[in-house]
Amino acid sequence: MWGRIYTMNNSKIAAPLTVTNSFQVNIISWCITYGLVATVIVVGNALIIGVFLQKQLPRQCRGYLIINLAIADLLVGTLALPMYIYIVYAFNYLPTNKNIEIFYHVYTVTDVFSGLASVFTLACIALERIYAVCSPIEFRYKATRQVYINVIIVVWIISGTAAVAYILSTPTVINVLPVKTFTFYLTGLSVLSVLVICSAYLAIALRFHFWKKYHMEMNASKQEMRLATVLFIITVVFVLTWSPFHIMNILVNFGDSFLYNIPVDIVYFTKLLHYGNSLANPAIYTLKIPEFRFAIRRMFCKNWVRETRV
């Protein structure tokens, strides 16, 4: 769908001046919806970053991955999604020209770069959690600050290689690599990320299940069940928001005939789910953690915090 779906939108509406009022309302409604989602993404993830910058939380290594996730999602809300709103408007109302085509390629690079950085960070968090659960003692000694920094650098480098692959394999940009290079590369990275996340959380859930079965400690069981619930929500939200877009992306890129049979509203809805994952991440990874809830309250309600301590 990256690199293909916007051609479909433009081909369905060859003359922007002939669009009906109902169609105009539909497009405007989608743009407004995307704008609201972008606003919530920016506010939510900026709040996370603000908590860390003001040092409202104790310094814990696992916070590095959460802040990196917030930065990636913030890029989605500030750059990728607003650019997509203009793409939706331009391909439906403006005549196609070179400037729009260039803007579209810039958008695709931005969307791929920021979106994959978010997904890869989610995968790293999943791997970190299973490492911490299965080998807690070893995890405490080996999960150093430098290790997290190296992991974050690798996340952004791999995301950058996907963006470069798009540039080098797009005929209208720099046609150095075969046209399908980006498609195969993106598909492989996406499928691998989903498998890593789902497998890691499934392994954690099984670990908790057998631990509860053979170690009947009530306090530990409550903590395990609470964490298992959070991990289940994380996995379900990720699969629900990313899978429709990537399934459609695979079908579009490997089957040309499928491209022209997709209703435009279905495309817009899958993109809404796709971007919605960046909206859901702040709620899941911060508001579900008690320390974050207290830190946010302390940022905006300092007087309330003082009263609670009296």
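Residues numbered from 1 in each chain as written. Predicted model: local features only at pLDDT ≥ 70, side-chain atom pairs only at ≥ 80, totals over all residues. Heavy atoms only, no water.

Caption draft 1: Here's a closer look at the nonpolar core. Counting residues in each nonpolar core, the largest one holds 62 residues, and the members touching the most others are Tyr34, Leu81, Tyr84 and Tyr268. At the level of secondary structure, the elements contributing two or more residues to this core comprise α2 (21-53), α3 (63-93), α4 (98-134), α6 (145-169), α7 (181-214), α8 (218-254) and α10 (264-287). When neighbours within four sequence positions are excluded, Leu81 is seen to be in contact with Tyr34, Val37, Ala38, Ile41, Val76 and Tyr275. Counting five residues, the second-largest nonpolar core is a separate cluster that includes Ile48, Ile49, Ile66 and Ala70. (Core = buried A, V, L, I, M, F, W, Y, C linked by side-chain atoms within 4.5 Å. Buried < 20%, exposed > 50% of the residue type's maximum accessible area, 1.4 Å probe, protein only. Helix = DSSP H or I, 4+ residues; strand = E, 2+ residues; numbered from the N terminus. Contact = heavy atoms within 4.5 Å.)

Caption draft 2: Representation of the environment of Leu116 within the structure. Looking at where Leu116 falls in the secondary structure, it is placed in helix α4. For the pair formed by Leu116 and Leu189, sequence separation is 73 residues and the distance between their alpha carbons is 8.5 Å. Setting aside residues no more than four positions away along its own chain, Leu116 makes contact with Asp111, Ser159, Ala162, Leu186, Leu189 and Ser190.

Caption draft 3: Summary view of the environment of Val176. Structurally, the position occupied by Val176 is in the loop between α6 and α7. Along the sequence, Val176 and Ala165 sit 11 residues apart, while their C-alpha atoms lie 9.5 Å from each other.

Caption draft 4: Focus on α3. The end-to-end C-alpha distance of α3, which contains 31 residues, comes to 44 Å, matching closely the 45 Å that a straight helix rising 1.5 Å per residue would cover. A bend of about 35 degrees at Val76 is the largest found in α3. Counting buried residues in α3 gives 22 out of 31 residues, a clear majority hidden from the surface. (Expected span 1.5 Å × (residues − 1). Bend = angle between axes of the 7 residues up to and from the residue.)

Caption draft 5: Summary view of α6. With 25 residues, α6 should cover 36 Å at 1.5 Å per step; its first-to-last C-alpha distance of 37 Å lies within 8% of that length. Where α6 is concerned, the buried positions are Tyr148, Ile152, Val155, Trp156, Ser159, Gly160, Ala162, Ala163, Ala165, Tyr166 and Ser169.

Caption draft 6: Representation of the packing of aromatic side chains in the model. Applying the stated criterion across every chain yields a total of 13 aromatic pairs. Consider the rings of Tyr89 and Tyr93, whose centres lie 5.2 Å apart with planes at 25 degrees: the pair is stacked. One end of the pair is Tyr89 and the other is Tyr93, both in helix α3 and four residues apart, which spans about a single turn. Look at Tyr131 and Phe139: their rings are 5.6 Å apart centre to centre, the planes differ by 85 degrees, and that puts the pair in the edge-to-face class. We classify Tyr131 as partly exposed; its relative accessible area is 28%. (Phe/Tyr/Trp six-rings, centres within 6.5 Å; stacked < 30°, edge-to-face > 60°.)

Caption draft 7: Region of interest: the pattern of salt bridges. According to the stated counting rule, one finds three salt bridges in the structure shown. With its nearest N and O atoms 3.1 Å apart, the salt bridge here joins Asp111 to Lys271. Here Asp111 is found in helix α4, whereas its partner Lys271 is found in helix α10, with 160 residues between them in sequence. By relative accessible area, which is 0% here, Asp111 ends up buried. A residue is classified by how much of its surface remains accessible, and Lys271, at 2% relative accessible area, is buried. Between Lys142 and Glu138 there is a salt bridge, with its nearest N and O atoms 2.8 Å apart. Of this pair, Lys142 and Glu138 both sit in helix α5 (residues 136-142), four residues apart, which is roughly one turn of that helix. (Salt bridge = Lys/Arg side-chain N within 4 Å of Asp/Glu carboxyl O.)

Caption draft 8: Quick peek at a nonpolar patch on the surface. A surface patch of nonpolar side chains, amounting to about 300 Å² of accessible area, comprises Val173, Ile174, Val176 and Leu177. When you line up the elements, Leu177 lands in the loop between α6 and α7. (Patch = residues over 30% accessible without salt bridge, like charges linked within 9 Å, V, L, I, M, F, W, Y side chains within 5 Å. Areas by Shrake-Rupley, 256 points an atom, 1.4 Å probe, with all protein chains shown as cover.)

Caption draft 9: View of the packing of α4 against α6. Remark: α4 packs on α6, axes separated minimally by 8 Å, with the N-to-C direction vectors making an angle of 145 degrees. In this structure, α4 crosses over α6, and the sense of that crossing is right-handed. Between α4 and α6, the residues in contact are Tyr104, His105, Thr108, Val109, Val112, Phe113, Leu116, Ala117, Phe120, Thr121, Cys124 and Glu128 and Tyr148, Val151, Val155, Trp156, Ile158, Ser159, Gly160, Ala162, Ala163, Tyr166 and Ile167, respectively. Here the residues of the contact of α4 with α6 are counted per class, giving 17 nonpolar, five polar and one charged. (Axes fitted to C-alpha atoms, helices over the stretch in contact; angles between N-to-C directions. Left-handed = near helix turned anticlockwise from the far one by under 90°. Nonpolar A, V, L, I, M, F, W, Y, C, P; charged D, E, K, R; others polar.)

Caption draft 10: View of the packing of α3 against α6. One can describe the packing of α3 onto α6 by two numbers: an axis separation of 10 Å at closest approach and a directional angle of 25 degrees. As far as their axial angle goes, α6 and α3 are roughly parallel. Where α3 crosses over α6, the two elements pack in a sense that is right-handed. When α3 is examined against α6, the residues Tyr64, Leu65, Asn68, Ile71, Ala72 and Leu75 are found in contact with a partner set consisting of Arg145, Tyr148, Val151, Ile152, Val155 and Trp156. In terms of residue class, the contact of α3 with α6 is made up of 10 nonpolar, one polar and one charged. (Parallel < 35°, antiparallel > 145°, perpendicular 65-115°, else oblique.)

Caption draft 11: Main features of the UniProt feature "transmembrane region" (unreviewed entry) in the protein chain. Those residues carrying the UniProt feature "transmembrane region" (unreviewed entry) are residues 27-53, 65-90, 102-127, 147-168, 183-206 and 227-245 in this numbering. Between the C-alpha atoms that bound residues 27-53 the distance is 38 Å, and the span itself is 100% helix and 0% strand. Taken end to end, residues 183-206 comprises 100% helix and 0% strand; its first and last C-alpha atoms sit 34 Å apart. (UniProt positions renumbered as here; feature names shortened; annotations may be inferred.)

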